[in-house]
Amino acid sequence: MLEGTKILVVDDNPEVINILGDFLGLNGCEIYKATCGKEALEMLEGKDPEIVILDVQLPDLNGITLIDTIKVTKPTTAVIMATGYYDPNFVIDAMKKGASDFLLKPFELDKLMLVMMRVLRERRLLIENENMMQNLSDAKKIEHLNRELQKKIKELTTMYHISNRFNSINIFEDVYEKLVQIVGETLDVRSCGYYVPDGDTNELILYTGHTKDGEPPGWDWQRIGIPADLTGPARRTRKHVVKDNRVYLPLVIQGEPIGFIVTEAKMNGRGPRSLENDAFFLRLIAEKASTQIENRMLYESLFENILHTLRSLIIAITKRDLYTEGHCKRVTGMSLALGECLGVSDYEKDVIKVVCPVHDLGKIGIPDSILLKPSRLSDEEYTIMQSHSVYGEEIMSRFEILAKEARIIRHHHERYDGKGYPDRLAGADIPVCSRIIAVCDAYDAMVTDRPYRKAMGTDEIVAEVTRCSGSQFDPEIVKAFVDLVRDGHEW
Ligand SMILES: [Fe+2]
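Residues numbered from 1 in each chain as written. Predicted model: local features only at pLDDT ≥ 70, side-chain atom pairs only at ≥ 80, totals over all residues.

Looking only at helices and strands, the protein chain features 16 helices and eleven strands. Compactness check: the protein chain gives a C-alpha radius of gyration of 47 Å against a globular reference of 23 Å for 491 residues, more than 25% above the reference. Projected onto its principal axes, the C-alpha positions of the protein chain cover 140 × 55 × 35 Å. By the burial criterion, 29% of the 491 residues in the protein chain qualify as buried. If you take every contact in the protein chain between residues at least 6 apart in sequence, the share linking residues at least 24 apart comes to 58%. (Helix = DSSP H or I, 4+ residues; strand = E, 2+ residues; numbered from the N terminus. Rg over C-alpha atoms; globule rule 2.2 N^0.38 Å. Buried ≥ 20, exposed ≤ 12 C-beta atoms within 10 Å, placed from the backbone. Contact = placed C-beta atoms within 7 Å.)

Quick look at the structure:
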């Protein structure tokens with residue numbers, strides 16, 4: 001029953017120690033002996049006994065004091081006090097400090113056995129209880145860590161979603177509309193708007209916004225005041241302000257606030273902490289939007305520089321051939337109007353704006369003797385003149401960001417029936433912008449006095465363009481073009 005139990009016997013009387021040691025040893029216990037408090041403490045540390053049989057009177061320490069030390073360092077070690085005289089106060093004191101029992105010497109060894117068995121059972125229960133408490137505490141810790149982990153995963157997923165959505169915005173989409181859309185997808189808000197400051201009234205005017213599930217916002221959101229905390233230099237700091245159930249965050253570009261994101265929390269009792277959490281993601285969204293806007297500004301300035309360079313080349317051509325300058329401007333205006341009628345995409349409209357003014361760029365590579373020849377060109381000269389579309393493509397594709405659009409220039413003299421140049425493309429294989437430019441290019445040539453013939457009248461031109469529908473030109477484009485001319489459209 002007590003087999004293998006580790007017992008420390010502490011008594012200043014070696015005789016008592018020996019008797020107890022022999023008896024317990026015979027019962028299979030592992031015995032450690034100490035005759036003073038100091039020895040007892042050393043044994044306690046080194047041997048880790050399960051039960052201590054402790055004499056009250058020790059030469060260097062009071063047994064009661066020793067209980068305190070035992071219970072602090074080894075709380076599950078059971079202590080059985082043994083004393084030669086009975087003092088009830090002493091007993092109460094010892095039991096209060098955690099002693100398991102109190103034996104009066106001389107005690108019967110059988111009684112000691114019973115006490116030890118009870119004490120061991122209590123100790124086992126105590127350890128089990130402690131283990132259970134520890135497991136419970138571990139489970140609670142794990143649950144807490146799991147909750148934290150889930151929160152972090154959700155946060156990272158949201159951050160990834162925001163980054164992903166911004167990365168997928170293309171150059172022709174409205175960043176501010178996308179920004180408001182992303183806020184709606186990311187945060188559980190009742191409404192969100194992007195506002196621009198009205199310099200005259202110091203108010204904010206709604207540029208674009210949305211409400212959750214089409215619910216109206218809980219305020220007049222078309223025009224709102226700027227919170228005092230966001231006026232003056234404070235608005236440059238990218239700091240948000242929480243006020244009246246709303247979060248205000250300035251969108252700062254190159255140190256200047258160009259607008260404000262304003263969200264309104266749902267009326268479900270979300271506290272300020274939840275709004276602060278919204279603000280964390282709003283700041284990330286604002287940061288991503290700022291980067292997009294700054295990149296666009298950079299791109300546009302780069303683009304402007306390139307266009308400036310290309311326009312310089314066109315000017316160089318017009319110095320030689322006055323017809324080309326006005327021609328390019330007119331063809332651009334016409335092509336844009338025609339593109340609008342045909343419902344081309346925003347991207348294609350932008351391509352027309354950029355490419356059309358320089359579509360004859362390649363003429364820079366054509367010798368004066370051919371470009372400026374007042375009479376009709378010979379076949380050989382005509383072939384050289386035709387190469388301007390390929391030269392134009394070559395020049396434009398040197399600017400990497402326009403490399404894709406350069407093919408519009410290459411194909412602006414293709415014919416719908418596949419008999420044009422340089423690649424004899426036909427029908428829808430010819431880029432739509434090239435097909436539009438082809439009609440407008442021909443129209444402008446006909447409407448202008450040329451060295452070898454006079455300008456043609458509108459009816460004559462319409463008849464000629466219509467005659468070439470399906471052969472030289474795309475019939476759908478011709479139809480839209482004739483409608484435009486008949487409506488009295490002029491360029
Ligand atoms: Fe041309």
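Partitioning the protein chain into domains gives domain 1 (6–131), domain 2 (175–289) and domain 3 (321–486). Each of domain 1 and domain 2 has a C-alpha centre, and these two points are 72 Å apart. (Domains from an automatic or database assignment.)

A separate point is the environment of R311. Mapped onto the elements, R311 comes out in helix α7 (residues 272–320). C-alpha separation for the pair R311 and T291, spaced 20 residues apart in sequence, amounts to 29 Å.

Overall, parallel pairing links the five strands, which are arranged β2-β1-β3-β4-β5 in an open sheet. A single partner strand is all that each edge strand has here, and the edge strands are β2 (30–34) and β5 (101–104). Each neighbouring strand pair of the sheet contributes to a mean axis angle of 20°, computed without reference to strand direction. In the sheet, strand β1 (residues 6–10) pairs with β2 via five bridges, with the strands oriented parallel. For L8, the partnering residue across the bridge sits in β2 and is Y32. Across the sheet, helix α1 (residues 14–26) is in contact with β1, β2 and β3 (51–55); its angle to β2 comes to roughly 170°. Contacting β3 and β4 (78–83), helix α3 (residues 63–73) runs over the sheet at an angle of about 160° to β3. (Pairing = 2+ DSSP bridges. Axes fitted to C-alpha atoms, helices over the stretch in contact; angles between N-to-C directions.)

Read from one edge to the other, the open sheet built from six strands follows the order β8-β7-β6-β11-β10-β9, with strand pairing classed as antiparallel. Where the open sheet ends on each side, the last strands, each with one partner, are β8 (223–225) and β9 (241–243). In this sheet, neighbouring strand axes are inclined to one another by 30° on average, regardless of whether the strands run parallel or antiparallel. Taken strand by strand, helix α6 (residues 175–186) contacts β6 (189–198), β7 (203–211) and β11 (256–265), and its axis lies near 155° from that of β6.

Time to look at the environment of D278. Take D278: it is sitting in helix α7. Accessibility expressed as a C-beta count within 10 Å gives 22 for D278, which makes it buried. In this structure, the C-alpha to C-alpha distance between D278 and P88, residues 190 residues apart in sequence, is 67 Å. With residues near it in sequence (within four places) discarded, D278 still touches L187, V189, V247 and T263.

With twelve residues, α6 extends 16 Å from end C-alpha to end C-alpha; this agrees with the ideal 16 Å at 1.5 Å per step. Among the residues making up α6, those that are buried are Y176, K178, L179, V180, I182 and V183. (Expected span 1.5 Å × (residues − 1).)

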